[in-house]
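What follows is the residue order along each chain.
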Amino acid sequence: MHVGEQRDSSRVPIEAFDQAPAGVLVTRGEHHRLLYTNDAFQAMFGDRPVGVPVREGLRDVLEQDTLAALDEVWKTGETVRLDEVSVTVGCDDPLERLFRMSLSGIPLQGGESGLLAVVQEVTAQVAAARRVTAMEKELRRLRRRYQSIVWAGVHGVWVTGPHGESRESHGWQRLTGQTQEESLGRGWMRALHPEDRAHAEEWWDKAAEQAVSLYEVIYRVRTRAGVYRHIRFRSVPVRENRAVVEWVGTSTDVEQEWQEERRRRLLDRAAAAASDITNLEEMCQALADVVVPELADLCDIYLLPESSSGLPHATIVTERVASAVRGELPRLPTRRKECHPAGGALARAVSRRRPVQLTYPPGRPSFDCPEAVRTWMAETGSHSLAFLPVVVEGEVAAVVTTGACGDRPPIDSDDVRLIREIFDHTHDAMSKALRFRRTQRVALALQHSLLAELPHVPGLELAARYQASPTAAEIGGDWYDAFVVPCGAVKLVIGDVAGHDLAAAVCMSQVRNMLRALAVDRDESPGDVLRRLNTAMETLNGESTATCVLTRLERDGEGVWRLKYSVAGHPPPLLVTAEGEGRFLQDADNPLLGLRHDQPWISSVRPLPPHSTLLLYTDGLVERRGEDLGEGLERLRRSAEPLACEPLGRFCDELLTGMPVAGEDDVAMIAVRVPPEGRHEGVAS
């Protein structure tokens, strides 16, 4: 329904509005074309062109909201009143003026419809309504202070200037022991912990420009007793004309709340470290990092021999497996083994199974300690230590040593209890890691006992390496071997029995011994020896399988070293010449040992160039999960070629440490280097 369709047919001449005291504007049609303005309207906004749409004729006056209101009245026919319509007038000196506007439909001559806008300026009235007296401002400020105090529910109340300069305070002197005069200005900040003071000064320097309605922070405050407690500061700005003129604040002692929140946070971090890490050294380091710097400036963790708990009067030799210090402090010298005298603090903690705490003048320990440690204490101002025994499965397995330096208070009983709770919280994980570590050491010792000593062969260099998997506690089936047979030839072996447990190790020992016996029993090719070994495994070892490389090195009548070899399902030998050219020997491949094989077992023969290196290795050196074996072999070749002229021991070590092994399997390797041309001493052909 358009404007005017429900009005009567009488018409009022628009000239009747010429002398009206309010501004009058009349438009025509749905595009609101300007039809008429009276004298008052022209005095307000100037003379406007007739016939153009209002959007063009009054675009410097009317905003989008007002134009939208015109459209709404045209559609609905309902009268609309707009209060405080803002209009900026003047170019050189713009001035904001406020108007009240009433919009309604109006019938026009000729049956047309239009809109009638009646405009009144209300700038002065609005300004008067907004004006408040100085007394009202002061009452409002006091009311805000009161509301802030009631809302905070606190132990101390204070008022500062816009940049934190103290003006009034109630309760601060009782908390800190400062006098009223000492706390004025920024004197109150001298009661903050030095590390917190820098943050407070930086924030308050910019406080007046901060766009915050509430500022909340926790600082450590030195109390009358000389200890620091955590105090929550809350403050709100008081503004005049949008500028901060002062801050009203409260302070509340939240030491207990802060301690409980920290306790939960540290226990959560410790639990996360224990659940994500199985390696004992890494777990201890993660726990030391939880302690420092939250609870101490220093944290060392020492592992004890298994029998230490029962020797209270003996010197204890410990292994330091983790160390952490607060960021800016120097680190202690790297030492793995340390001797602790009987009757010392660590020995007392072990024998009593209770924490032992020591305090001493800063930098001057009152007990015997290594010279390097004494120097460290002097440099850092160390003044207290605490020794906490860690009991795992009924035995003292480790001792945690924590220390405090400089301005940090001595390690107190609450800190000791929390540190003990952290390690108690991870008891099961640490117990599992300790068992894993001990089992791994025993397994590694057993594994090495099963590996042969390399023989001394004049004219040849021999080297072997074995690296246990860091993720496995059981011994595996990898082995190497080297021995001289009665005819004078040297035989080298590398092998791997399937599995990574005690059964695999037992089978490996049996296979190794059978291979030794078969290789010495007859003077035959490596392929024939492996054939007979395969028959023996089928008969004696049931379903066990293994891989193996058997080689025979000897010199021919001209003094050239020849290699006879056979491969049973194993990665191929690698030959690296003195010039650094690597080549895999793949001419004598046979199936796995332990599988029925009716075809002849093949061997291959090739001369070994002077000063060349032959490498036999197990798959742990080249295999990575999800990767094709060919990529690992190529990586080995590229790594070995630059090492062709290095001493043989370094050749092996560089491969063992430089290859990106997966760490999921053991690695065994044995290498031989033939003499340079012209040297023929040694084993006869």
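As a reminder, the structure under discussion sits directly above these lines.
Colleague: What should I look at first to understand the overall build of the protein chain in this one?
Modeller: A count of helices and strands for the protein chain gives 18 helices and 27 strands. A buried classification covers 48% of the 685 residues belonging to the protein chain. Across the protein chain, contacts joining residues at least 24 apart in sequence account for 60% of those joining residues at least 6 apart.

Colleague: Is there a simple way to think about the packing of aromatic side chains in this case?
Modeller: In this description, an aromatic ring pair is defined by two values, namely the gap between the centres and the angle between the planes. Applying the stated criterion to the full structure yields 14 aromatic pairs. Considering the side-chain rings of W204 and Y215, the 6.4 Å spacing of their centres and the 85° angle between planes classify their relative orientation as edge-to-face. Taken as a pair, W204 in helix α8 (residues 194–205) and Y215 in strand β8 (residues 215–222) lie far apart in primary sequence, 11 residues in all. The residues W204 and Y215 share a single accessibility class, namely buried. Measuring from ring centre to ring centre gives 5.6 Å for Y219 and F233, while their planes differ by 55°; the resulting arrangement is tilted. Taken together, the residues span a long stretch of sequence, with Y219 in strand β8 and F233 in strand β9 (residues 228–240) at a distance of 14 residues. Summarising the burial analysis for this pair, Y219 and F233 share the class buried. Each member of the aromatic cluster is reached from another via a ring pair, and the members are W158, W172, W188, W203, W204, Y215, Y219, F233 and W247.

Colleague: For this particular structure, what's the right way to read the nonpolar core?
Modeller: Within soluble globular proteins, side chains that are nonpolar tend to cluster in buried spots. Core analysis: the biggest nonpolar cluster contains 50 residues, and L515 and L533 have the highest contact counts within it. No other element matches helix α15 (residues 502–521), which puts 7 residues into this core. With near-sequence residues (within four places) excluded, L515 lies in contact with W479, V493, V529, L530, L533, C548 and L550. By size, the runner-up hydrophobic cluster in this structure holds 38 residues, among which are L295, I301, A398 and V416.

Colleague: Can you walk me through α8 in this structure?
Modeller: One turn of the α-helix equals 3.6 residues, which is why residues spaced by three or four share an orientation. Its 12 residues give α8 an end-to-end C-alpha distance of 17 Å, which sits within 8% of 16 Å, the value for a rise of 1.5 Å per residue. The complete set of buried residues in α8 reads D196, A200, W203 and W204. One face of α8 carries all of its buried residues, which in axial projection span an arc of 90°. For α8, the secondary structure elements touched by its buried residues are β6 (156–160), β8, β9 and β10 (243–253).

Colleague: Just to check I follow, could you spell out the side chain of Q173 for this structure?
Modeller: Structurally, Q173 is set in helix α6 (residues 172–176). Those residues in contact with Q173 that lie beyond four places of it in its chain are Q178, T179, Q180, S183 and R224.

Colleague: Just checking my understanding: could you explain the pattern of salt bridges for this structure?
Modeller: Pairing of side chains with opposite charge becomes possible as their charged atoms draw close. Inspection of the entire model under this criterion finds 41 salt bridges. R186 serves as the salt-bridge partner of D205, at 2.9 Å between the closest nitrogen and oxygen. In this pair, D205 sits in helix α8 while R186 sits in the loop between α7 (180–183) and α8, placing the two residues 19 residues apart along the sequence. The partly exposed category is assigned to D205, whose relative accessible area is 45%. With its nearest N and O atoms 2.7 Å apart, the salt bridge here joins D253 to R229. Taken together, the residues D253 in strand β10 and R229 in strand β9 connect sequence positions 24 residues apart.

Colleague: Please explain the packing of helix α9 (residues 255–276) against helix α13 (residues 413–425) as it appears in this structure.
Modeller: Relative orientation and spacing of two packed helices are given, respectively, by the angle between their axes and the distance between those axes. Running from N to C, α9 and α13 point in directions that differ by 30°, and their axes come no closer than 9 Å. One element, α9, and the other, α13, form an angle in the roughly parallel class. Handedness of the α9/α13 crossing: right-handed. In this structure, α9 contributes R262, R263, L266, L267, A270 and A271 to the contact, and α13 contributes D415, L418, E421, I422 and H425. A per-class count over the contact of α9 with α13 returns 6 nonpolar, 1 polar and 4 charged.

Colleague: How do you make sense of the side chain of D297 when you look at a structure like this?
Modeller: Its place among the elements puts D297 in the loop between α10 (280–291) and β11 (298–303). For D297, a relative accessible area of 1% corresponds to the buried category. A polar contact of 2.7 Å, which involves the side chain of D297, links it to the backbone nitrogen of C405. At 2.9 Å, the side chain of D297 and the side chain of R408 are in polar contact. Residue contacts for D297: discarding those within four places in its chain leaves V292, A324, V325, R326, L329, G403, A404, C405 and R408.

Colleague: What is the right way to look at the sheet that holds strand β2 (residues 33–37) in this model?
Modeller: Within a beta sheet, neighbouring strands are joined by backbone hydrogen bonds and run either parallel or antiparallel to one another. Judged by pairing direction, the sheet is antiparallel, and its 5 strands sit side by side in the order β2-β1-β5-β4-β3 without closing on themselves. On the outer flanks of this sheet lie β2 and β3 (80–89), each paired with one strand and no other. Here the strands of the sheet are splayed against their neighbours by 30° on average, with no regard to which way each runs. In the packing of helix α3 (residues 64–76) onto the sheet, contacts are made with β3, β4 (95–107) and β5 (113–121), and the angle to β4 comes to roughly 10°. Running over the sheet, helix α4 (residues 123–130) touches β3, β4 and β5 and is turned about 125° from β4.

Analysis parameters
Residues numbered from 1 in each chain as written. Predicted model: local features only at pLDDT ≥ 70, side-chain atom pairs only at ≥ 80, totals over all residues. Heavy atoms only, no water. Helix = DSSP H or I, 4+ residues; strand = E, 2+ residues; numbered from the N terminus. Buried < 20%, exposed > 50% of the residue type's maximum accessible area, 1.4 Å probe, protein only. Contact = heavy atoms within 4.5 Å. Phe/Tyr/Trp six-rings, centres within 6.5 Å; stacked < 30°, edge-to-face > 60°. Core = buried A, V, L, I, M, F, W, Y, C linked by side-chain atoms within 4.5 Å. Expected span 1.5 Å × (residues − 1). Arc of directions from axis to C-beta. Salt bridge = Lys/Arg side-chain N within 4 Å of Asp/Glu carboxyl O. Axes fitted to C-alpha atoms, helices over the stretch in contact; angles between N-to-C directions. Parallel < 35°, antiparallel > 145°, perpendicular 65-115°, else oblique. Left-handed = near helix turned anticlockwise from the far one by under 90°. Nonpolar A, V, L, I, M, F, W, Y, C, P; charged D, E, K, R; others polar. Polar contact = N/O pair within 3.5 Å; in protein donor to acceptor, adjacent residues only side chain to side chain. Pairing = 2+ DSSP bridges.

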